[in-house]
Amino acid sequence: MKIAWRVLLGARKYWLQLGIGFVGVVMATIAGFYLPWAIRSLTQLATEGSSQFAAEALKIGLLLLGATCVQAMGTSLAGYMNHYAALHYVADLRTRLYSKYQQMSLRYFHRSRTGDLTGRVVNDAMEAEIFIAHAIPDFIVNGLTFIGVGILLLTINVKLALISLITIPLLLAITIWQSKRLSPLWGENSKARGEIAGKVQENLSGMKEIQIFNRQEEERGNVSRLATKHTNTYLRASLFYETSVPLLAFVTALGTVLVVILGGRLLAAGELSIADIIGFIAYLGMFYQPVKSFSGLVEMGGRAAAGLKRVYDVLEEEEDIQEKRNAVRLPRVQGQISFQDVTFAYQDGAPVLERLNLTIDPGKTVALVGTTGVGKSTLASLVNRFYDPQAGSIRVDGIDLRDVTISSLRDNISMVLQDTFLFDGSVYDNIAYGWKDATRKDVIAAANAAKAHDFIAQMEQGYDTLIGERGVRLSGGQKQRLSIARAILRNAPILILDEATSALDTKTEQEIQQELDDISKDRTTLVIAHRLSTIRHADQIVVLDGTEVAEMGTHEELLRSGGIYSRLYESQAS
Ligand SMILES: Nc1ncnc2c1ncn2[C@@H]1O[C@H](COP(=O)(O)OP(=O)(O)OP(=O)(O)O)[C@@H](O)[C@H]1O
């Protein structure tokens, strides 16, 4: 019920269409009441031996034609208008969900499965269509039919109408029992379906690893287990559904049996005509229909509500990276970055960084060095608020990152990451992704600076060549060069290079290194590189050890001091 209100309130932009749909539903339902009435009237005329039978029958026929036309028009109007509202609301929900995903921190994506998140946008949001265009109109039709036909039955014969009510409590008890058991089962079913989507998506991304390590059997087993789990949850729900539906049909038939027996007695006593009995039985089918379909409706609503709950759960999720209400726009910065007593942990009790202090002067190049897993990438990702530290603060030009809007902060930062991601589109689009107002000249200049222009020019369609799933495959080094071009194009005052040249051969690395050295001259640059030869010219080298800064200085200073850095450098040189 809560979900129904939520859907209706959420779809308030489409109340006009829903209102028209409502009128259509009412028109069609009421017009549908006429057929049994017409049968009753015709039987009455025939049994009374009316001399005007032909003329009366024509009148009834024309009325029936009118009612049928109204019913058809109402159904069509309601169907289109309700679908119009429903499908537009589905589009709104999908957009809101996606936009919510964009606001979530990386932490959220690490703990969620991509397939599950995709399923919420594609499948679960679609349940709103079931709710608005099917469950709610059906509920109105059923309510109207039950009340309207109930009144008509009372007008035909009160005693018979009361007798036909006897089975209703039993019918209701069965449907309520059924819906209580079914709703949670449909919830489990949705979850199990999401798990399969998540697992298959994950395995498709990791297919190379599955084949390299020959884990096909295990992975097939994992998918099969999830598929069986889904089948079992579905079957449990199905068992309830399939036992209660025939039970309902049986109890409904009992009602008709009672009416036939009592109707016969009343007929014998002269209290009722044969036309009344025929009309009554024709209406009785309509009268029991809402009660019978109540369980199906509850089941349909329950399933849709379970899916929609998964959508609303995401929409309600609190973003762990929040923008303050009074956050200000960060202008283009000079580029001083300072970490003050920063403590950060992915999991409680296992800090990656603890009370870390570090100041990077504007325009300087600072290299982060340390053993693998020490927290270099983590430190870099705190600068553009992929995560917030649990304690301490990070400032850019003295301004706390939490006081500025996230978009203005990120406008000031360009990043080249270890794992390059390129979109399914042209080479040009992928480079231009770095700056939406870039001209073709800017894009080519950036490609030149990243030493990517030559290989792009050699492609059959040059910058218009499609890459990714629909186009050509690029080598790791080519991809990396495009992502460097994208970052160069962004022209931000802070540049973060996280293993940016790791996929390149030594010769190309050296060439690009020169370009990177050039572009980092007038901007603050944070470099993470395992190959220490690439960072020896950095203004400052910061060595992380444990959870804090262990050493700091230039290449020469650190070599002289004979600490961690000098040992690392020597081990690489040998
Ligand atoms: N999303 C995450 N959730 C939980 N733990 C994480 C996550 N990302 C990194 N870690 C852990 O945090 C620690 C620091 O990781 P980080 O990637 O910052 O190290 P790094 O120094 O950049 O390593 P490398 O040189 O191998 O890239 C590691 O122990 C890592 O396992």
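Position numbers for residues count from 1 along each chain, tracking the sequence in the order it is written. Local features in this predicted model are restricted to residues whose pLDDT is 70 or higher, and side-chain atom pairs enter the listing and the counts only when it is 80 or higher, whereas totals over whole chains, interfaces and linings include all residues. Just so you know, side-chain values use all the structure's heavy atoms and leave hydrogens and water out.

Named according to an unreviewed UniProt entry, the chain is ABC transporter permease/ATP-binding protein originating from Paenibacillus radicis.

A. Representation of the nonpolar core in the model. Counting residues in hydrophobic clusters, the biggest one holds 44 residues, and the most contacted among them are I431, I456, L482, I535, I541 and Y565. In terms of residue count, the dominant contributor to this core is helix α18 (residues 476-490) (six residues). Here, two residues are considered to be in contact whenever any of their heavy atoms come within 4.5 Å of each other. The residues contacting I541, other than those within four sequence positions of it, are A367, V369, I535, E551, M552, G553, T554, H555, L558 and Y565. In these notes, a set of buried Ala, Val, Leu, Ile, Met, Phe, Trp, Tyr and Cys residues joined through side-chain atoms within 4.5 Å is what counts as a nonpolar core. To sort residues, take the accessible area from a 1.4 Å probe on protein chains only and compare it with the maximum for the residue type: under 20% means buried, over 50% means exposed, and anything in between is partly exposed. Within the second largest apolar cluster, 31 residues are counted, among which are V366, L379, V404 and I494. In this description a helix means any DSSP run of H or I spanning at least four residues, a strand means any run of E spanning at least two, and both kinds are numbered starting from the N terminus.

B. Focus on the site of the ligand. Residues are counted as near a molecule or strand when any one of their heavy atoms sits within 4 Å of it. If you check the shell around the ligand, you find 14 residues, and the closest are H110, T372, K376, S377 and T378. Polar contacts, as counted here, are pairs of nitrogen or oxygen atoms within 3.5 Å of one another; within protein the pair requires one atom able to donate a hydrogen and one able to accept it, and residues that are adjacent in sequence qualify only if both atoms are side-chain atoms. Here V374 contributes a backbone N or O atom positioned 3.2 Å from an oxygen atom of the ligand. A distance of 2.8 Å is found between an oxygen atom of the ligand and a backbone nitrogen or oxygen belonging to S377. With residues, only the protein chains shown are counted as cover, and all accessible areas are computed by Shrake-Rupley using a 1.4 Å probe. Coverage of the ligand by the protein chains reaches 67% of its 630 Å² of free accessible surface. Asp, Glu, Lys and Arg are counted as charged, while Ala, Val, Leu, Ile, Met, Phe, Trp, Tyr, Cys and Pro are counted as nonpolar; the rest, among them Gly, fall into the polar class. In the shell around the ligand, the residues fall into four nonpolar, nine polar and one charged.

C. Structural context of the environment of L558. Counting through the fold element by element, L558 comes out in helix α20 (residues 555-561). Taking the relative accessible area as the measure of exposure, L558 reaches 3% and is therefore buried. Here the alpha-carbon distance between L558 and R355, two residues 203 residues apart in the chain, equals 23 Å. Beyond its immediate chain neighbours, meaning those up to four positions away, L558 contacts I541, V543, E551, M552, G553, G563, Y565 and S566.

D. How the structure looks around the packing of helix α8 (residues 158-165) against helix α11 (residues 216-268). Their axes nearest at 9 Å, the elements α8 and α11 cross at an angle of 160 degrees. Judged by the inter-axis angle, α8 sits roughly antiparallel to α11. Our pair here, α8 against α11, has a crossing hand that is right-handed. For the pair α8 and α11, contact is made by K159, L160, I163 and S164 and by L258, V259, L262, G263 and L266, respectively. Class assignment of the residues belonging to the contact of α8 with α11 gives a composition of six nonpolar, two polar and one charged. Every axis corresponds to a line fitted to the C-alpha atoms, with the helix fit spanning only the stretch in contact, and the corresponding angles, defined between N-to-C directions, vary from 0 to 180 degrees. An angle counts as roughly parallel when it lies under 35 degrees, as roughly antiparallel when it exceeds 145, as roughly perpendicular when it falls between 65 and 115, and as oblique in every other case. Should the near helix be turned anticlockwise from the far one by less than a right angle, the crossing is left-handed, and should it be turned clockwise, the crossing is right-handed.

E. Fine view of unusual backbone geometry. Of note, D397 is a non-glycine position whose phi angle comes to about 50 degrees, a positive value. Mapping D397 onto the fold places it in the loop between β4 (391-396) and β5 (399-400). Within the chain, N491 stands out as a residue other than glycine whose phi angle is a positive 50 degrees. Mapped onto the secondary structure, N491 falls in the loop between α18 and β9 (494-498). The partly exposed category is assigned to N491, whose relative accessible area is 38%.

F. Structural detail: the confidence of the model for the chain. Residue-level confidence of the predictor is what pLDDT reports, using numbers from 0 through 100. Model confidence for the chain is summarised by a mean pLDDT of 89, while 99% of its residues fall at 70 or above. In the model of the chain, helix α19 (residues 506-519) stands out as the element of lowest mean pLDDT, 75, in contrast to helix α2 (residues 15-32), which has the highest, 96.

G. Here's a closer look at the pairing of strand β1 (residues 337-345). Among the nine residues of β1, seven are classified as buried, and the element is accordingly described as predominantly covered. Note: two strands are recorded as paired if DSSP finds a minimum of 2 bridges between them. Where β1 meets strand β2 (residues 351-360), six bridges bridge the pair, whose relative direction is antiparallel. By the bridge assignment for β2, S338 is matched with T359. Counted along the chain from β1 to the antiparallel partner β2, the turn is five residues long, and its residue G349 has a positive phi close to 85 degrees. When β1 meets β4, the two strands line up antiparallel, connected through five bridges. Looking at β4, one finds that F339 is bridged to I394.

H. Here's a closer look at the pairing of strand β3 (residues 365-369). In terms of burial, β3 is largely enclosed, as five of its five residues are buried. Here β3 shows no split at all, with T365, A367 and V369 on one side and V366 and L368 on the other all buried. In the sheet, β3 pairs with strand β10 (residues 524-528) via four bridges, with the strands oriented parallel. Bridge pairing in β10 links L368 to I528. Sheet topology places β3 next to strand β11 (residues 540-545); four bridges connect them, and they run parallel. What sits directly across from V366, in β11, is Q540.

I. Expanded view of the pattern of salt bridges. Whenever Lys or Arg places a side-chain nitrogen within 4 Å of a carboxyl oxygen from Asp or Glu, that contact is recorded as a salt bridge. Counting across every chain of the model gives 26 salt bridges. Between K13 and D92 there is a salt bridge; the shortest N-O distance is 3.4 Å. Note that K13 is positioned in the loop between α1 (2-10) and α2 and D92 in helix α4 (residues 53-103), a separation of 79 residues in sequence. The closest approach of N and O atoms between R329 and D411, which form a salt bridge, is 3.7 Å. With a gap of 82 residues between them, R329 in the loop between α12 (274-316) and β1 and D411 in helix α14 (residues 406-411) connect regions that are remote in the sequence. Exposure remark for R329: the relative accessible area of 54% places this residue in the exposed category. Owing to a relative accessible area of 42%, D411 belongs among the partly exposed residues under this scheme.

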